[in-house]
Amino acid sequence: GADHVEITGRFALPDGWLVPLVLGLKCGDVVVPKRRSLQMIRTSIERGHYADVVQRLRPMLVGEKKADFATGWSFVGGRNRFLVKQLELLHGMPQGEAQEYLRKLALPVDRPFGVWAEVAEEEMHRLALEFLRLAEDKYVSVLQSGGRDILDAISTGKPR
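For clarity, every value in this text was computed on a predicted model and none was experimentally measured.

*Asks:* So what exactly am I meant to see when it comes to the pattern of salt bridges here?
*Replies:* Side chains carrying opposite charge are able to pair once their charged atoms draw close together. Following the criterion strictly, the structure yields seven salt bridges and no others. The partner of Glu-88 in a salt bridge is Lys-85, and the shortest N-O contact between them spans 3.4 Å. Remark: Lys-85 and Glu-88 occur in helix 3 (residues 63-88); sequence separation between them is three residues, near one turn of the helix. On the basis of relative accessibility, which here comes to 38%, the residue Glu-88 falls in the partly exposed class. With a closest N to O distance of 3.1 Å, Glu-130 and Arg-126 form a salt bridge. Of this pair, Glu-130 and Arg-126 both sit in helix 5 (residues 113-134), four residues apart, roughly one helical turn. The partly exposed category is assigned to Glu-130, whose relative accessible area is 34%. A cluster of three or more residues bridged by salt bridges with shared partners is formed by Glu-123, Arg-126 and Glu-130.

*Asks:* Please clarify how the packing of aromatic side chains should be interpreted in this entry.
*Replies:* Two measures describe an aromatic ring pair: the distance that separates the ring centres and the angle between the ring planes. Across all of its chains, the model carries five aromatic pairs by this definition. One aromatic cluster in this structure is built from Phe-69, Trp-73, Phe-131 and Tyr-139.

*Asks:* Looking at this model, I keep getting lost on helix 5. Mind explaining?
*Replies:* Each full turn of the α-helix corresponds to 3.6 residues, which orients residues three or four apart in the same direction. End to end, helix 5 covers 31 Å across 22 residues, agreeing with the expected 32 Å (1.5 Å per residue, within 8%). Taken together, the buried positions of helix 5 are occupied by Phe-113, Trp-116, Ala-117, Ala-120, Met-124, His-125, Leu-127, Ala-128, Leu-129, Phe-131 and Leu-132.

*Asks:* Can you walk me through a nonpolar patch on the surface in this structure?
*Replies:* On the surface, Val-5, Ile-7, Leu-23 and Leu-25 cluster together to form a nonpolar patch covering roughly 420 Å² of accessible area. Secondary structure elements with two or more residues in the nonpolar patch: strand 1 (2-12) and strand 2 (18-28). With respect to the helices and strands, Leu-23 occurs in strand 2. Classification of Leu-23 as exposed rests on a relative accessible area of 55%.

*Asks:* How do you make sense of helix 7 (residues 148-156) when you look at a structure like this?
*Replies:* For helix 7, the full list of buried residues reads Ile-150, Leu-151 and Ile-154. The arc that holds the buried residues of helix 7, viewed along the axis, is 100°, so those residues lie on one side. On its buried face, helix 7 sits against helix 1 (34-47), helix 2 (50-57), helix 5 and helix 6 (136-143).

The rules behind the values
- Residues numbered from 1 in each chain as written.
- Predicted model: local features only at pLDDT ≥ 70, side-chain atom pairs only at ≥ 80, totals over all residues.
- Heavy atoms only, no water.
- Salt bridge = Lys/Arg side-chain N within 4 Å of Asp/Glu carboxyl O.
- Helix = DSSP H or I, 4+ residues; strand = E, 2+ residues; numbered from the N terminus.
- Buried < 20%, exposed > 50% of the residue type's maximum accessible area, 1.4 Å probe, protein only.
- Phe/Tyr/Trp six-rings, centres within 6.5 Å; stacked < 30°, edge-to-face > 60°.
- Expected span 1.5 Å × (residues − 1).
- Patch = residues over 30% accessible without salt bridge, like charges linked within 9 Å, V, L, I, M, F, W, Y side chains within 5 Å.
- Areas by Shrake-Rupley, 256 points an atom, 1.4 Å probe, with all protein chains shown as cover.
- Arc of directions from axis to C-beta.
- Contact = heavy atoms within 4.5 Å.

What follows is the structure, given as structure tokens:
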């Protein structure tokens with residue numbers, strides 16, 4: 001196994017945008033076996049977390065298919081994923097600062113940011129499911145052996 005430590009935080013740019021920071025240190029064998037990756041994908045599908053499926057499939061791909069898959073997801077879900085990540089940064093922020101940042105994100109402040117975060121996350125997973133259906137040709141080969149049920153679950157899956 002591997003030992004893993006992660007430090008998370010945020011960095012404010014001079015123009016006020018926040019950048020999430022994740023610093024990770026790993027020691028030991030960090031390669032995830034395909035069988036474990038497929039199980040994590042199944043769990044994500046059961047939870048309706050299709051954006052996680054996209055994130056877990058990408059490292060399993062190689063070459064042009066990996067690049068096309070990443071580019072396609074950026075085009076389909078990139079803006080929404082950015083919004084989700086920005087809203088995550090508001091956790092623990094004082095209410096006044098959070099409202100000011102909501103304005104920066106062009107979101108009304110008449111609702112708690114948690115409402116916007118929930119809506120944005122649901123939309124991200126809906127877009128991810130749509131993308132997975134459109135991009136099946138990019139990842140079908142890595143699921144042929146041991147992941148046929150995943151292909152079926154994606155084709156019949158429902159958004160959260």
